[in-house]
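# Chain and residue survey
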Amino acid sequence: MGEQENDQPAARSDAAIEDRGDPTTQQLRTVGQRRREAERKLDNHLEEASHKGEPPANAGEGHSEG
């Protein structure tokens, strides 16, 4: 029966307490930066995918016309 008395949750650390509530300015900046990087990476992937199967841009270079 002594074990059942110890089933209460352990005291939270300072880090766990800080995670609750409004995010800090630094956290918001970090989230914004990560979002911009992810969007830029996605744009690059979409651009590469849209050009896949097309001949390279320099495929026609070196040939003189006329």
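All values reported here derive from a predicted model rather than from experimental measurement.

## As for the overall build of the chain
The helix and strand inventory of the chain stands at three helices and zero strands. Secondary structure elements of the chain occur, N-terminal to C-terminal, as α-α-α. Considering the chain as a whole, with its 66 residues, one finds that 2% of them fall into the buried category. Working note: accessible area of the chain is about 6,900 Å², and carbon and sulfur atoms make up 48% of it.

## A short note on the confidence of the model for the chain
Looking at the chain, the pLDDT average stands at 78 and 56% of residues meet or exceed 70. When pLDDT is averaged over each helix and strand of the chain, the minimum, 56, is found for helix H1 (residues 2–5) and the maximum, 96, for helix H3 (residues 25–51).

Cut-offs used in this document
Residues numbered from 1 in each chain as written. Predicted model: local features only at pLDDT ≥ 70, side-chain atom pairs only at ≥ 80, totals over all residues. Heavy atoms only, no water. Helix = DSSP H or I, 4+ residues; strand = E, 2+ residues; numbered from the N terminus. Buried < 20%, exposed > 50% of the residue type's maximum accessible area, 1.4 Å probe, protein only. Areas by Shrake-Rupley, 256 points an atom, 1.4 Å probe, with all protein chains shown as cover. pLDDT = per-residue confidence, 0-100.

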